[in-house]
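A structural walkthrough
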Amino acid sequence: MSTTPATHQPLATSPEPTAGPQLAAQAHGLTKVFGRDGSGVTALDHVDVGFAAGRFTAIMGPSGSGKSTLMHCLAGLERPTEGRILIGGTDATALSEKQLTILRRERIGFVFQSFNLLPMLTAEQNVLLPLTLAGRRADRDWFDHVVGVLGIGDRLSHRPAELSGGQQQRVATARALVTRPDVLFADEPTGALDSRSSAELLDFLRTSVRELGQSVVMVTHDPRAASYADRVVLLADGRITDEIDAPSEDSVLDAMRRLGA
Ligand SMILES: Nc1ncnc2c1ncn2[C@@H]1O[C@H](COP(=O)(O)OP(=O)(O)OP(=O)(O)O)[C@@H](O)[C@H]1O
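Looking up the chain in an unreviewed UniProt entry gives the name Putative ABC transport system ATP-binding protein, with the organism given as Janibacter alkaliphilus.

In structure tokens, the structure reads:
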């Protein structure tokens, strides 16, 4: 993780008016340069983007366009070089490392391509881990609901090695949702799954938005995965170049072709 100090303005002195729908996450003038002395790679170049609460947004773009960097900055895993990130109404770029850790733990959920489950813990212990670490009790009704919708109720006593890839990813998704985060970030969550497990996970993500009011932001290379989203944001060379509302697989493919991807 980068420890580069962020250039930021405290939210208290510069609130950004946000008209329209409530936003779960926003980037303002977000720039990320890797390396030093101006000779580094500009992964993000003054990106302004908002992700509506209660919506499912996909981020797409050619390899190296900055998708993962955008998601890592939004999720507080990477400090921006310049610009601001807001999670709900909180300016994440104005927080200390300790405050950022608490924000990540309590208000942000992550799902990665590699499931990142702890092998010695059961599925249930993995799901409850963020609450255990925070010293918080589980809301049993919510836990049962998430586990039920994800269809892992009969796998809770198993360890990750005893689960299929699809089941492991559903455990990782339940872990990301158990804290009821303001926003769930998913970086290529179906990258390691077969097509059936992918469809099941994407269905669940869409259900969690429609029925649980969750806000989801997902990076994907796959136009079919992106077609599950309400909106697709396209990146090229570290800039937002296009977006599609109510995407279909074909409209996403066309947009990707226009980008030369
Ligand atoms: N830690 C790093 N150090 C140096 N350069 C980096 C680092 N992380 C990313 N980059 C560079 O930043 C640019 C954007 O990378 P990023 O991983 O965000 O792209 P991406 O769109 O997610 O790519 P992919 O689809 O291939 O995963 C690339 O040129 C990449 O090489």
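Back to the text.
1. Remarks on the overall build of the chain
Counting its secondary structure elements, the chain contains 8 helices and 10 strands. On C-alpha atoms alone, the chain measures out to a radius of gyration of 18 Å, which is about the 18 Å that the 2.2 N^0.38 rule sets for 261 residues. In the chain, which comprises 261 residues, the share counted as buried stands at 51%. Of the roughly 12100 Å² of accessible surface on the chain, 49% is carried by carbon and sulfur atoms. Taking the average place of the 26 positive charges on the side chains of the chain and the average place of its 31 negative ones, the gap between the two points comes to 5 Å.

2. Examining the site of the ligand
Inspection of the region around the ligand gives Phe34, Val41, Ala43, Pro62, Ser63, Gly64, Ser65, Gly66, Lys67, Ser68, Thr69 and His221 as its neighbouring residues. A distance of 3.1 Å separates an oxygen atom of the ligand from a polar atom in the backbone of Ser65. In the model, an oxygen atom of the ligand is placed 2.5 Å from a nitrogen or oxygen of the Thr69 side chain. Relative to its unbound accessible area of 640 Å², the ligand is 58% covered by the protein chains. The set of elements that each furnish at least two residues to the shell around the ligand consists of β2 (41-52) and α1 (67-74). Top contributing element to the shell around the ligand by residue count: α1, with 3 residues.

3. Looking at the sheet that holds strand β10 (residues 239-245)
Strand order in the open sheet formed by 6 strands is β6-β7-β8-β3-β9-β10, and the pairing between neighbours is mixed. Only two strands of the sheet have a single partner each, and these edge strands are β6 (108-112) and β10. The sheet shows a mean angle of 20° between the axes of neighbouring strands, direction not considered. Against the sheet, helix α2 (residues 97-107) engages β6 and β7 (183-187), with an angle of about 75° to β6. Against the sheet, helix α8 (residues 249-258) contacts β3 (56-60), β9 (231-236) and β10, and its axis sits at roughly 160° relative to β10.

4. Describing the nonpolar core
Ranked by size, the top nonpolar core spans 44 residues in total, and within it Phe56, Met218 and Val232 carry the most contacts. Counting residues in each nonpolar core, the second largest holds 28 residues, with Ala27, Leu30, Val49 and Phe185 among its members.

5. Details of the side chain of Ser198
With respect to the helices and strands, the residue Ser198 is situated in helix α6 (residues 195-210). Of the residues examined, Ser198 reaches a relative accessible area of 11% and is grouped as buried. Here Ser198 is in contact with Thr190 and Leu193, once residues within four sequence places are set aside.

6. A look at the sheet that holds β2
Taken in spatial order, the 4 strands line up as β2-β1-β4-β5 in an open sheet, and their pairing is antiparallel. Pairing within the sheet leaves two strands with one partner each, and these edge strands are β2 and β5 (90-91). Sheet analysis places strand β4 (residues 82-87) next to β5, joined by 2 bridges and oriented antiparallel. By the bridge assignment, Leu86 is partnered in β5 with Asp91.

7. Some points on the pattern of salt bridges
It is possible for side chains bearing opposite charge to pair when their charged atoms get close. One pass over the structure, following the stated rule, counts 17 salt bridges. The salt bridge involving Asp203 is made with Arg206; its shortest N-O contact spans 3.4 Å. Taken together, the residues span about one helical turn, with Asp203 and Arg206 both in helix α6 at a distance of 3 residues. Here the salt bridges do not stand alone but share partners, grouping Arg170, Arg196 and Glu200 into one network.

8. Focus: unusual backbone geometry
A positive phi angle is found at His46, which is not glycine, with a value near 55°. Of note, His46 is situated in strand β2. Of note in this structure, Glu188 is not a glycine but carries a positive phi near 50°. Classification of Glu188 by relative accessible area gives buried; the value is 12%.

9. Some words on the pairing of strand β1 (residues 23-34)
Along β1, 10 of the 12 residues are buried, which leaves the element largely enclosed by surrounding structure. As defined by bridge partners, β1 adjoins β2 across 8 bridges and the pair is classed as antiparallel. Considered in β2, the bridge of Gln26 is made with Gly50. Pairing of β1 with β4 involves 5 bridges; the strand directions are antiparallel. Residue pairing for β4: Ala25 is matched across the bridge by Ile87.

What counts and what doesn't
As a convention, each chain's residues are numbered from 1 in the sequence order in which they are written. Per-residue local features are limited, in this predicted model, to residues with pLDDT of at least 70; the limit for side-chain atom pairs, both in listing and counting, is 80 or more; totals at the level of whole chains, interfaces and linings are taken over all residues. Hydrogens and waters are ignored; side-chain quantities use all the structure's heavy atoms. In DSSP terms, a helix is any run of H or I states spanning at least four residues, a strand is any run of E spanning at least two, and both are numbered starting from the N terminus. The size measure is the radius of gyration over C-alpha atoms, and the globule rule it meets is 2.2 Å times the number of residues to the 0.38 power. Residue exposure (1.4 Å probe, protein chains only): buried if accessible area is under 20% of the type maximum, exposed if over 50%, otherwise partly exposed. For every accessible area listed, the method is Shrake-Rupley and the probe measures 1.4 Å; residues are considered covered only by the protein chains on display. His residues and chain termini do not enter the charge count, which takes Lys and Arg as positive and Asp and Glu as negative. Taken as the charge centre is NZ of Lys, CZ of Arg, CG of Asp or CD of Glu, depending on the residue. Note on definitions. A residue lies near a molecule or strand when any single heavy atom of the residue is within 4 Å of it. Whenever a nitrogen or oxygen atom comes within 3.5 Å of another N or O atom, the pair is scored as a polar contact, on the condition that within protein one atom can donate a hydrogen and the other can accept it, and that pairs from neighbouring residues in sequence are kept only if both atoms are in side chains. Only when DSSP finds a minimum of two bridges between them are two strands counted as paired. Lines fitted to C-alpha atoms define the axes here, with helix axes fitted over just the stretch in contact, and angles between the N-to-C directions of these axes take values from 0 to 180 degrees. Residues count as neighbours in contact if any of their non-hydrogen atoms are within 4.5 Å of one another. The criterion is simple. A nonpolar core is a set of buried Ala, Val, Leu, Ile, Met, Phe, Trp, Tyr and Cys residues joined through side-chain atoms within 4.5 Å. In what follows, salt bridge is the name for a side-chain nitrogen of Lys or Arg lying within 4 Å of a carboxyl oxygen of Asp or Glu.

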